[in-house]
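Examination of the molecular architecture
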There are 2 protein chains.
Amino acid sequence: MTAARPTVSLPLRTARPAASRAAPAADAAGARAEPSRGEASRPEPLRAKTPHRLRRIAEKRTAILDAALSLFSRNGLHGTTVEQIARTAAVSKTNLFYYFASKEEVYVGVLSRLLDQWLDPLRALEVETDPVEGIRAYISRKIRFSRTHPEASRLFCLEVVQGAPLLRPELETALKQLVDAKTEVIAGWIAAGKLAPVDPHHLIFALWATTQHYADFAPQIDALLGRGLDEEAFVEEATRNVQRLILDGLRPR
Amino acid sequence: MTAARPTVSLPLRTARPAASRAAPAADAAGARAEPSRGEASRPEPLRAKTPHRLRRIAEKRTAILDAALSLFSRNGLHGTTVEQIARTAAVSKTNLFYYFASKEEVYVGVLSRLLDQWLDPLRALEVETDPVEGIRAYISRKIRFSRTHPEASRLFCLEVVQGAPLLRPELETALKQLVDAKTEVIAGWIAAGKLAPVDPHHLIFALWATTQHYADFAPQIDALLGRGLDEEAFVEEATRNVQRLILDGLRPR
DNA sequence: GTCTATAGGCGGATAGAC
DNA sequence: GTCTATCCGCCTATAGAC
């Protein structure tokens, strides 16, 4: 039965519990902590861990998550086997199950790192900026993100297209909060006559859509042009065109 | 092994062979014919079929494809079971296998109907039109397509994001041909000074991206606004905003 | 912590009667 | 053409030794 979706929840970047965790869930370097679900925790050696051990553990978890991101983004949750993830991360399948209780826990782990990264460019959109410069820079950052994190962009897309069962709560809280704040910024710019009166939400959708398109629909673009974001010149070309279109529109001035 | 992708090819709308087909592959009403692959055809009763029987067969195949589209678009190829498709189409699993040799053949069948529909709005973009009106109408048609065929839009997205292994050949031929023709039209408009000088390919990408976004990222939009394309007022609002943005841009005139 | 072996179930596909 | 019964491989997850 695949209709039954994961029952695991996604506690990304809610106040970090700061306590020592159950299981080897010691993420380093910006990675999120794992949900400490009630029942059925991992074997868990209870004695204190040396910093060194913690680092080793975190590295291994990160390697697994990296491998998983790459595979999930190409084949989806159900199109990826634990065996593949393990092989790609250079660990044994059994060993992977020592670090993650289930395939879906790996999937959740990958998703939680995702949204955070995905939101970063938007966070940088500030009131103080000149609107036109702000938008221009945002487009540039977003396309650059599509270039440097194509797999993250694609997996995010896959997840949302399929209904975002896991991400939903986060979209309604963290994302909404951020978007609400930024739409106010934009509305302010419009009220000041610095931008044409476009609905801020639809503007944000258009920005997301046009910039992510280069990562998400890369195969289509490659089929049509034989080029893609791996080519620096194409990155600049895409950026220029999107900026031009969004800022000045099609109608000749 | 899920890494090994389907080996079936996608012969959509290449000159219809017009001959009677092997197997019950008698599609009616705009549906495409099935690939007549060399080996291992279906049981196939060889005697002539009455129009009535042909219709019954076509109807059943269509019902299966419809059910499959709906499920594939939500759960992906690997996230959907044949059992689910059969149940949704109100046939038995065994019976489904009478009409389609494998799950992947169903998948291919769904995809072949897809691209054709997906291309229709672009076909309607004509030289004779006034550029601004032409673009405006195209945006409207595309968003309306996102509304009336959300599942098709999403499955197309899913397939392309995952590398378009099956669609690739079609993208490089049928799609490319059409896009090449239309970029010429657009280039002509620009040369005539009727549109601002934007690269026609990037313009098309922006048009696709902004309009499909409303179908593909519907869950995200719903999480943010609590609205979607099912609401007619929202369709109009989205259309207006995208038209405005693409045609006139953000910078105040 | 890491391994070998294996349980256990799901799901795609076929056999063969009717 | 449609059904019942069933096969069998693949894949998640665990047991238990080291």
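Numbering of residues starts from 1 in each chain and follows the order in which that chain's sequence is written. By the order in which they are written, chains take letters starting at A while ligands take numbers starting at 1. With the structure being a predicted model, the display of local features is reserved for residues of pLDDT at least 70 and the display and counting of side-chain atom pairs for 80 or more, all residues being used for whole-chain, interface and lining totals. Neither water nor hydrogens contribute to the side-chain values; these are computed over all heavy atoms in the structure.

**Brief notes about the domain arrangement of chain A**
Residue and element names in this part refer to chain A. Going by this rule: A domain assignment, automatic or from a database, supplies the domain bounds used here. By the convention used here, residues are in contact when the closest approach between their heavy atoms is within 4.5 Å. Defined here as a combined quantity, buried area equals the accessible surface (1.4 Å probe) lost by two parts on assembly, summed across both. Any N or O atom pair separated by 3.5 Å or less is treated as a polar contact, with the protein-specific requirement of one donor-capable and one acceptor-capable atom, and with residues adjacent in sequence counted only for side-chain atom pairs.
The domain architecture assigned to chain A consists of domain 1 (52-101) and domain 2 (109-250). The gap between the C-alpha centroids of domain 1 and domain 2 is 29 Å. Of the residues lining the interface, ten residues belong to domain 1; the matching set on domain 2 comes to nine residues. Buried surface at the junction of domain 1 and domain 2, summed over both partners, amounts to about 800 Å²; 63% is from carbon and sulfur atoms. Interface area lost by domain 1 to domain 2 is led by L65, L69 and S73, which between them contribute 63%. Put simply, domain 1 and domain 2 have three residue pairs in polar contact (both at pLDDT 80 or more) between them.

**With respect to the relation of the copies chain A and chain B**
Formally: A least-squares fit on C-alpha atoms brings the copies together, and the residues used are those whose pLDDT is at least 70 in both copies.
Turning chain A through 180 degrees and shifting it by 0.0 Å along the axis lays it on chain B, with an RMSD of 0.0 Å. Put plainly, the chains are arranged around a two-fold axis. The C-alpha atom lying nearest the rotation axis in chain A is that of A:G249; the distance is 1.9 Å. Both copies contact each other with a shared surface, as 100% of the interface residues of chain A are interface residues in chain B too.

**Here we look at the interface of chain A and chain B**
Which entries qualify depends on this criterion: We count a salt bridge whenever a side-chain nitrogen from Lys or Arg sits within 4 Å of a carboxyl oxygen from Asp or Glu. Secondary structure elements follow DSSP: runs of H or I of four or more residues count as helices, runs of E of two or more count as strands, with numbering from the N terminus.
Across the boundary between the two partners, chain A contributes 72 residues, which contact 73 residues of chain B. In this assembly, chain A packs against chain B so that about 6500 Å² is buried in total across both faces, 63% of it on carbon and sulfur atoms. In terms of surface lost to chain B, no three residues of chain A exceed A:L224, A:L250 and A:R251, which account for 12% of the buried area on that side. On inspection of chain A and its partner chain B, the count reaches four salt bridges. Measuring nitrogen to oxygen at the nearest pair gives 2.4 Å for the salt bridge that ties B:D222 to A:R168. Along the contact surface separating chain A from chain B lie 22 residue pairs in polar contact (both at pLDDT 80 or more). Those elements that provide at least two residues to the side of chain A that touches chain B are α1 (51-75), α5 (131-148), α6 (150-161), α7 (168-191), α8 (200-216), α9 (218-225) and α10 (232-248) of chain A. Sort the elements by how many residues they give to the side of chain A that touches chain B and α8(A) lands first, with twelve residues.

**Considering the UniProt feature "domain: HTH tetR-type" (unreviewed entry) in chain A**
The criterion, for reference: UniProt positions are given in the numbering used here, feature names are shortened, and annotations may be inferred rather than shown by experiment.
UniProt records the feature "domain: HTH tetR-type" (unreviewed entry) at residues 58-118 of chain A, using the numbering of this structure. As a span, residues 58-118 of chain A carries 80% helix and 0% strand, and end to end its C-alpha atoms are 22 Å apart.

**So, the packing of aromatic side chains**
What counts, and what does not: Pairs were defined over the aromatic rings of Phe, Tyr and Trp, the Trp ring being its six-membered one, requiring ring centres within 6.5 Å. Orientation was assigned from the angle between planes: stacked under 30 degrees, edge-to-face over 60, tilted for the rest. Any residue under 20% of the maximum accessible area for its type is buried, any over 50% is exposed, and the rest in between are partly exposed; the area is computed with a 1.4 Å probe on protein chains only. Here, a charge over a ring is recorded when the distance from Lys NZ or Arg CZ to the ring centre is within 6 Å and its angle to the ring normal is within 35 degrees.
In this structure the tally under the stated criterion is 14 aromatic pairs over all chains. Here B:Y214 and B:F234 contribute two aromatic rings whose centre-to-centre distance is 6.0 Å and whose plane-to-plane angle is 70 degrees, an arrangement assigned as edge-to-face. In this pair, B:Y214 sits in helix α8 (residues 200-216) while B:F234 sits in helix α10 (residues 232-248), placing the two residues 20 residues apart along the sequence. Since its relative accessible area comes to 4%, B:Y214 is described here as buried. Of the residues examined, B:F234 reaches a relative accessible area of 0% and is grouped as buried. Members of the aromatic cluster, joined through ring pairs, are A:W118, A:F156, A:F205, A:W208, B:Y214 and B:F234. The ring of A:W118 has A:K142 sitting right over it, with the charged end atom 3.9 Å from the ring centre.

**Notes on the packing of α8(B) against α10(B)**
All names here are of chain B. Filter applied, for reference: Note on geometry: axes are C-alpha line fits, over the in-contact stretch for helices, and angles between N-to-C directions span 0 to 180 degrees. Any angle from 65 to 115 degrees is called roughly perpendicular, while one under 35 is roughly parallel, one over 145 is roughly antiparallel, and all others are oblique. Crossing handedness: left-handed means the near helix sits turned counterclockwise from the far one by under a right angle, and right-handed means the same turn made clockwise. Throughout this entry, Asp, Glu, Lys and Arg are counted as charged residues, while Ala, Val, Leu, Ile, Met, Phe, Trp, Tyr, Cys and Pro are counted as nonpolar. The remaining residues, Gly among them, count as polar.
Running from N to C, α8 and α10 point in directions that differ by 160 degrees, and their axes come no closer than 11 Å. Accordingly, the angle class assigned to the pair α8 and α10 is roughly antiparallel. The two elements α8 and α10 meet at a crossing, and its hand is right-handed. On α10, the residues that touch L203, L207, T210 and Y214 of α8 are F234, A238, V242 and I246. For the contact of α8 with α10, the class distribution of residues is seven nonpolar, one polar and no charged.

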